[in-house]
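Report on the structure
Here is how the chains run, residue by residue.
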There are 2 protein chains.
Amino acid sequence: MQWVKGLGLGLGAAVLLALGIILGHFAIPKNAPSVSASQDLDLEILETVMGQLDASRIRENLRELSREPHLASSPRDEALVQLLLQRWTDPASGLDSAKAFEYEVLLSFPSQEQPNSVDVVGSAGDVLYSCRRSEENLTGEQGGPDVVPPYAAYAPAGTPQGLLVYANQGSEEDFKELQTQGIQLEGTIALTRYGGVGRGAKAVNAAKHGVAGVLVYTDPGDINDGLSLPSETFPNSWHLPPSGVERGSYYEYFGDPLTPYLPAHPSSFRLDLANVSGFPPIPTQPIGFQDAKVLLCQVKVSVHNRLQLRNSSNVLGVIRGAVEPDRYVLYGNHRDSWVHGAVDPSSGTAVLLELSRVLGTLLKKGTWRPRRSIVFASWGAEEFGLIGSTEFTEQFFSKLQERTVAYLNVDISVFANATLRVQGTPPVQSVVFSAAKEIRSPGPGDLSIYDNWMRYFNRSSLVYGVVPSLGSLGAGSDYAPFIHFLGISSMDIAYTYDRSKTSARIYPTYHTAFDTFDYVDKFVDPGFSSHQAVARTAGSVLLRLSDSFFLPLNVSDYSDTLRSFLQAAQQDLGDLLEQHSISLGPLVTAMEKFEEAAAALDQDISTLQKGSPDPLQVRIFNDQLMLLERTFLNPRAFPEERHYSHVLWAPRTGSTATFPGLANACSRARDTSSGSEAWAEVQRQLSIVVAALEGAAATLRPVADL
Amino acid sequence: MQWVKGLGLGLGAAVLLALGIILGHFAIPKNAPSVSASQDLDLEILETVMGQLDASRIRENLRELSREPHLASSPRDEALVQLLLQRWTDPASGLDSAKAFEYEVLLSFPSQEQPNSVDVVGSAGDVLYSCRRSEENLTGEQGGPDVVPPYAAYAPAGTPQGLLVYANQGSEEDFKELQTQGIQLEGTIALTRYGGVGRGAKAVNAAKHGVAGVLVYTDPGDINDGLSLPSETFPNSWHLPPSGVERGSYYEYFGDPLTPYLPAHPSSFRLDLANVSGFPPIPTQPIGFQDAKVLLCQVKVSVHNRLQLRNSSNVLGVIRGAVEPDRYVLYGNHRDSWVHGAVDPSSGTAVLLELSRVLGTLLKKGTWRPRRSIVFASWGAEEFGLIGSTEFTEQFFSKLQERTVAYLNVDISVFANATLRVQGTPPVQSVVFSAAKEIRSPGPGDLSIYDNWMRYFNRSSLVYGVVPSLGSLGAGSDYAPFIHFLGISSMDIAYTYDRSKTSARIYPTYHTAFDTFDYVDKFVDPGFSSHQAVARTAGSVLLRLSDSFFLPLNVSDYSDTLRSFLQAAQQDLGDLLEQHSISLGPLVTAMEKFEEAAAALDQDISTLQKGSPDPLQVRIFNDQLMLLERTFLNPRAFPEERHYSHVLWAPRTGSTATFPGLANACSRARDTSSGSEAWAEVQRQLSIVVAALEGAAATLRPVADL
């Protein structure tokens with residue numbers, strides 16, 4: 001029965017052939033590039049990273065980083081540049097490459113020969129009382145030669161003398177109030193307390209009333225919940241000792257004051273000092289509350305600050321992306337401090353170093369390489385006005401704007417250990433939530449960081465119901481040039497206070513000589529579990545942004561914000577605008593176009609995610625997500641606001657939480673008649689926002705649509 | 001011998017299995033997207049397109065387009081909007097989609113009730129002679145109601161009267177010369193000829209000397225090679241008849257005058273007329289040389305132009321890209337003319353329609369779809385100041401800047417039929433050369449368009465030896481907002497004169513009522529072979545840009561230009577700068593960095609081209625090429641030059657062919673002392689160029705390099 005045999009053989013052959021075909025097609029991987037081109041987030045890697053982020057290593061980092069004062073451009077600051085380079089080029093745990101970028105920037109320091117002083121003098125000029133010229137050396141760390149005496153950076157030198165006038169927070173209102181009380185301000189010394197308005201603004205407001213000098217002190221009510229006795233303060237508690245003085249930059253803008261919009265290279269054009277704006281107009285000096293409370297009558301303020309051109313470096317470390325090396329996820333913090341800066345900024349740098357160590361180790365072992373490039377940054381001279389980060393954005397403007405997916409800032413990583421606190425633009429909300437849900441909170445109870453966060457800060461979203469609330473980004477740290485000047489989706493991550501337990505304006509030893517390692521170790525985060533929680537949250541966000549096939553940026557989350565801006569405009573400004581026959585109709589229409597386009601894009605993406613999408617298709621969608629934030633930039637919107645080009649997040653005066661250009665223009669126009677320039681500016685600002693929303697919608701619509 | 005049988009079977013099985021594996025791996029194609037993702041230029045398709053571009057169809061297009069006058073916003077202009085929409089939505093030869101975008105823009109027209117007039121008057125105001133108010137109706141086409149009388153668009157109304165003064169071309173020098181000759185200019189009427197300076201500039205310069213009104217005529221020496229008799233001019237030759245008058249816009253900037261930087265939507269903010277700049281300050285009227293030569297003594301100029309808000313549309317047609325739909329190749333021309341506009345702009349639109357027909361037909365047949373999206377544009381109101389194209393760039397600023405590969409402009413496609421003439425930025429040189437080498441020149445001999453071109457315009461390149469020379473882009477047509485405002489690599493393609501045969505400033509009937517179909521058919525391009533040559537060249541460039549896997553933009557060709565700019569600066573400005581201790585050293589260094597990065601990128605690309613590169617890798621390189629031009633933009637470089645942000649191609653005063661910001665700042669600083677603001681501006685401009693070149697180099701370097 002040959003044929004049966006034959007059939008049998010034929011069958012066997014067919015089976016073998018089929019098996020072969022199956023093996024051939026599935027068992028042999030598709031060509032390397034096109035497979036790796038679909039590389040996606042690996043949850044095992046993520047778990048490994050979370051597990052390896054080590055609190056005790058963060059603690060050791062912090063001890064080393066805060067061992068000595070490291071004021072910008074000081075020898076110790078330079079030594080830390082070397083420390084970072086050495087860590088990031090370590091054969092076992094380093095990155096692909098690391099490099100220092102130096103700039104020549106204008107900083108301000110007190111004179112060593114002529115210390116700044118504040119004295120109470122008698123009618124004959126005889127000194128009745130002298131304020132401390134340095135903080136009390138309570139732990140042996142406040143006395144070193146490298147502890148810069150308290151001063152107001154960029155305040156001009158001068159020795160004004162005059163009657164002391166208490167001017168509260170030194171706001172415009174405060175001085176107006178004094179004036180209406182008939183108090184003579186000409187030639188006086190104004191005593192103000194920190195808070196309310198920016199540091200430099202106090203001197204600007206004072207000078208308008210002929211005030212000759214300004215003192216700024218830290219009020220125990222603002223910083224210590226009222227406690228002021230030595231026994232109640234550091235080293236006996238986390239509260240600020242009576243002699244503690246908050247240093248700070250009194251410069252109004254950011255970036256090197258001499259090279260706006262240009263990198264501060266030695267060869268770059270520099271403004272003549274006479275043409276520099278943004279410095280305080282009159283001598284200003286900060287003091288402690290111990291001195292503030294005894295001051296009276298005639299006061300003489302001697303300020304001998306000097307401006308100096310100094311070299312300051314950023315250190316950048318790169319992990320090259322495996323698939324999309326031209327897409328950057330930036331993670332940064334500044335390196336310079338006012339004194340030891342254990343909290344500000346070393347608590348952030350300690351986390352940065354631990355995170356780069358863990359990722360670097362996986363990289364060197366060959367177990368992992370991100371889909372996109374990761375760039376770690378240690379910025380210089382932040383305390384003087386975000387100088388290092390701003391110069392970086394000025395130097396690499398185009399490249400960064402074309403390629404950066406997001407900027408993640410961790411400056412002070414732990415203010416206090418109660419809860420996570422995140423500031424950011426709407427597109428990063430979802431990725432932060434995803435990360436925070438997966439990580440256990442260090443506090444009591446078995447809550448996720450997300451659930452714990454919601455207990456402290458929450459809002460009810462139109463879309464999601466009650467969720468943790470993201471704060472909005474001001475200009476308080478190095479994220480400012482990235483969001484305001486480059487239009488890059490940005491965030492700032494930290495652990496912070498239980499507001500029911502303290503009303504402190506900020507952690508008490510902020511910018512003082514008492515911000516030391518022991519302070520953190522004993523009072524801020526014993527055990528460093530909050531530092532670890534921040535490391536894990538930031539690390540998870542970083543990995544999700546660098547490794548996910550589809551970018552985890554949710555552009556339709558902008559709708560929430562835009563809606564609330566629109567509603568605020570309608571409620572608070574609607575009538576006023578109507579009186580001047582200005583309609584918000586076009587804004588409503590643009591808003592709807594944006595929401596429609598964003599929703600449709602979400603839909604298209606989730607459809608695509610169900611299939612096995614081509615990497616190029618995904619890249620196209622990802623570019624839409626990455627570039628949305630860019631569409632809100634308009635370098636001509638606020639010509640007078642240096643570096644502020646983002647039409648949604650520029651500084652806003654007044655209380656209406658709406659589009660800043662519109663809000664500011666309205667408050668200026670309010671008391672003018674309809675035909676005025678001020679009302680024309682309102683209309684211009686409205687058109688700018690409408691054009692921005694229409695442009696954003698156009699970027700989100702299907703890419704070949706008209 | 002069972003075992004043998006067994007072995008035999010085993011062997012057979014192994015072979016079959018192996019065969020299966022081989023079949024499975026190779027015979028089953030890799031997943032569809034990743035194959036088509038490598039789609040490249042198809043030379044057969046290119047040949048087909050070249051073959052199908054039909055001169056007689058271009059001729060028919062031109063006949064239809066120029067049948068009636070179609071001044072911007074006129075009923076006939078609107079009818080042509082419909083014609084374009086109908087062509088681009090044709091089921092057999094249309095595009096994927098087409099749409100009209102309307103704007104409300106400020107145009108300027110003569111009054112119908114009160115015609116503008118120019119009269120010679122006696123001392124008693126009695127009229128001794130009146131200039132023609134319209135051109136002579138020589139072919140029956142110059143007399144229709146739709147022929148707009150000669151006027152100077154945007155010149156203010158007014159009826160000045162005064163002594164006539166001949167002021168040559170109306171340049172600053174011309175008026176200074178008259179002044180030094182002791183000629184009283186106050187209250188006079190200046191008679192000027194076209195050429196030398198821009199239209200509006202003549203009135204601006206005149207007004208500075210108290211001149212009351214300006215006349216502008218076309219001199220036979222400038223336009224007719226000296227011929228002026230009726231027998232020597234149209235319809236007997238291509239020369240301008242004595243009654244011919246060049247119309248034109250006398251507006252200084254581009255875009256809608258009321259909505260700078262904003263799309264001119266009805267709801268957009270509009271400047272108060274009092275705040276509009278860029279209009280001629282005094283009444284101005286163009287006349288023909290027939291009148292110019294008889295003018296004498298007292299002249300009265302009556303201008304009754306009126307400004308009107310009108311609706312004007314762009315028409316856009318899209319072919320969706322198959323692989324990278326988010327990458328746009330733009331091809332455009334304006335639609336509006338002054339009268340019949342057979343040459344300007346219909347010769348370009350006739351080519352545009354033929355090219356879109358041929359491509360649309362292949363598309364509808366399913367034989368072809370480009371790799372990238374192609375966007376065809378018919379711009380409105382170009383003659384009044386590139387208004388339609390500028391509003392388009394203002395409306396879609398971000399989207400276009402993020403995604404546009406290049407802009408190709410074909411306005412007047414044939415000035416004359418001697419040679420190709422291309423203006424463009426360096427990155428497009430290579431693709432234009434590739435196209436021109438493959439196409440036969442219509443002229444005598446069997447030359448390629450490239451070789452014929454080289455006979456008329458050539459230069460010796462440092463890199464290539466003798467090559468045809470690309471002109472640089474001014475602001476003469478709709479490419480201006482794309483290159484100057486958006487930083488998109490752009491080009492303008494046409495056929496033009498044999499300069500040894502004519503010195504005409506431009507083709508003689510430019511902007512007159514004599515620019516008609518018969519004029520083109522008889523004198524400019526009988527047989528339309530030059531139109532066909534332009535269609536083929538532009539079509540080939542368009543296909544190469546839209547279909548090539550690797551973008552055919554050669555960024556290292558920028559080195560030639562930058563070198564020549566640098567050398568010019570060193571030769572003409574070096575000593576001057578040295579005297580003021582300004583060094584060009586940093587510019588030299590930046591230049592070297594750019595050249596190095598560009599050369600290395602070329603190398604990397606050609607290496608990649610040898611292998612079978614992953615589409616995502618290629619996209620990354622292509623993005624570097626596409627975005628290079630963007631890195632030369634700096635919106636803060638020339639705050640006073642509206643819409644000009646490109647630091648290499650902004651308007652340049654003075655003769656030194658170097659970086660415009662540097663050249664202009666130097667000519668302003670020349671006669672001031674070292675410490676002056678003017679010299680500070682020179683240094684600022686130098687730093688701006690250095691930063692731009694460094695930024696460009698950073699964009700060209702390997703994408704994960706620091």
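For clarity, every value in this text was computed on a predicted model and none was experimentally measured. (Residues numbered from 1 in each chain as written. Chains lettered and ligands numbered in written order. Predicted model: local features only at pLDDT ≥ 70, side-chain atom pairs only at ≥ 80, totals over all residues. Heavy atoms only, no water.)

Taking the numbering used here, the UniProt-annotated feature "domain: Transferrin receptor-like dimerisation" (unreviewed entry) corresponds to residues 582–701 of chain A. Helix makes up 62% of residues 582–701 of chain A and strand 0%, whereas the separation of the span's terminal C-alpha atoms amounts to 29 Å. (UniProt positions renumbered as here; feature names shortened; annotations may be inferred. Helix = DSSP H or I, 4+ residues; strand = E, 2+ residues; numbered from the N terminus.)

It is worth spelling out the side chain of Arg619(A) at this point. Along the chain, the position of Arg619(A) falls in helix α20 (residues 615–628). Owing to a relative accessible area of 1%, Arg619(A) belongs among the buried residues under this scheme. Among the polar contacts made by the side chain of Arg619(A), one reaches the side chain of Glu324(A) at a distance of 3.0 Å. Polar contacts involving the side chain of Arg619(A) include one to the side chain of Asp623(B), which spans 3.1 Å. (Buried < 20%, exposed > 50% of the residue type's maximum accessible area, 1.4 Å probe, protein only. Polar contact = N/O pair within 3.5 Å; in protein donor to acceptor, adjacent residues only side chain to side chain.)

All right, on to the nonpolar core then. Among the nonpolar cores identified, the biggest contains 202 residues, and Val49(B), Tyr331(B), Leu359(B), Phe376(B), Phe384(B), Tyr507(B) and Phe632(B) are the most heavily contacted of them. The residues contacting Phe632(B), other than those within four sequence positions of it, are Tyr558(B), Phe594(B), Ser645(B), His646(B), Val647(B), Leu648(B), Ala692(B), Leu693(B) and Ala696(B). Membership of the second largest hydrophobic core comes to 198 residues, among which are Leu470(A), Leu545(A), Leu566(A) and Phe594(A). (Core = buried A, V, L, I, M, F, W, Y, C linked by side-chain atoms within 4.5 Å. Contact = heavy atoms within 4.5 Å.)

Side chains three or four residues apart in an α-helix point the same way, a direct result of the helix having 3.6 residues per turn. All names here are of chain B. For helix α19 (residues 585–610), spanning 26 residues, the distance from its first C-alpha to its last is 38 Å, which sits close to the expected 38 Å at 1.5 Å a residue. When α19 is considered as a whole, its buried residues turn out to be Leu 587, Ala 590, Met 591, Phe 594, Ala 597, Ala 598, Leu 601, Ile 605 and Leu 608. Of the surrounding secondary structure, the elements contacted by the buried residues of α19 are α18 (558–579), α20 (615–628) and α22 (677–700). (Expected span 1.5 Å × (residues − 1).)

Note on strand geometry: in a regular strand, side chains alternate between the two faces of the sheet. All names here are of chain B. Of all five residues in strand β7 (residues 213–217), five are buried, a share of seventy percent or more. What you see with β7 is no split at all: Gly 213, Leu 215 and Tyr 217 on one side and Val 214 and Val 216 on the other are buried throughout. Bridging between strand β6 (residues 189–193) and β7 involves five bridges; their strand directions are parallel. Across the sheet, Ile 189 pairs through a bridge with Gly 213, a residue of β7. (Pairing = 2+ DSSP bridges.)

What follows concerns the packing of aromatic side chains. Residues and elements named next belong to chain B. Here the structure, examined in full by the defined rule, presents 72 aromatic pairs over all chains. Taking 5.8 Å as the distance between ring centres and 85° as the angle between the ring planes, the aromatic pair formed by Tyr 151 and Trp 338 counts as edge-to-face. Residue Tyr 151 is located in the loop between β3 (127–130) and β4 (152–153), and its partner Trp 338 is located in the loop between β12 (324–334) and α10 (342–365); the two are separated by 187 residues in the primary sequence. Taking the centre distance of 5.8 Å and the plane angle of 40° together, the rings of Trp 379 and Phe 482 count as tilted. Here Trp 379 is found in strand β13 (residues 372–379), whereas its partner Phe 482 is found in helix α15 (residues 479–485), with 103 residues between them in sequence. You'll find Trp 379 and Phe 482 in the same group, each marked buried. (Phe/Tyr/Trp six-rings, centres within 6.5 Å; stacked < 30°, edge-to-face > 60°.)

Below, the discussion takes up the packing of helix α4 (residues 55–65) of chain A against helix α5 (residues 75–88) of chain A. Residue and element names in this part refer to chain A. Between α4 and α5, whose axes approach to 11 Å, the crossing angle comes to 145°. Mapping the contact onto sequence places Asn 61, Glu 64 and Leu 65 in α4 and Arg 76, Leu 80, Leu 83 and Arg 87 in α5. Within the contact of α4 with α5, the residues separate by chemical class into three nonpolar, one polar and three charged. (Axes fitted to C-alpha atoms, helices over the stretch in contact; angles between N-to-C directions. Nonpolar A, V, L, I, M, F, W, Y, C, P; charged D, E, K, R; others polar.)

Let us now look at the pairing of strand β14 (residues 404–409) of chain A. Residues and elements named next belong to chain A. Within β14, six of the six residues are buried, which leaves it mostly tucked inside the rest of the structure. By the bridge criterion, five bridges tie strand β12 (residues 324–334) to β14 in an arrangement that is parallel. Bridging from a neighbouring strand, Tyr 328 pairs with Thr 404 of β14.

Where strands meet in a sheet, backbone hydrogen bonds hold them as pairs that are either parallel or antiparallel. All names here are of chain B. One open sheet accounts for seven strands, arranged β1-β11-β13-β12-β14-β18-β15; its pairing is mixed. Only two strands of the sheet have a single partner each, and these edge strands are β1 (97–109) and β15 (419–424). The average undirected angle you get between the axes of adjacent strands in this sheet is 20°. Strand direction decides the pairing type here: β1 and strand β11 (residues 306–319), joined by 13 bridges, are antiparallel. In the strand pairing of β11, Leu 107 is matched with Gln 308. Seen against the sheet, helix α11 (residues 387–395) touches β1, β11, β12 and β13 and runs at an angle of roughly 120° to β1.

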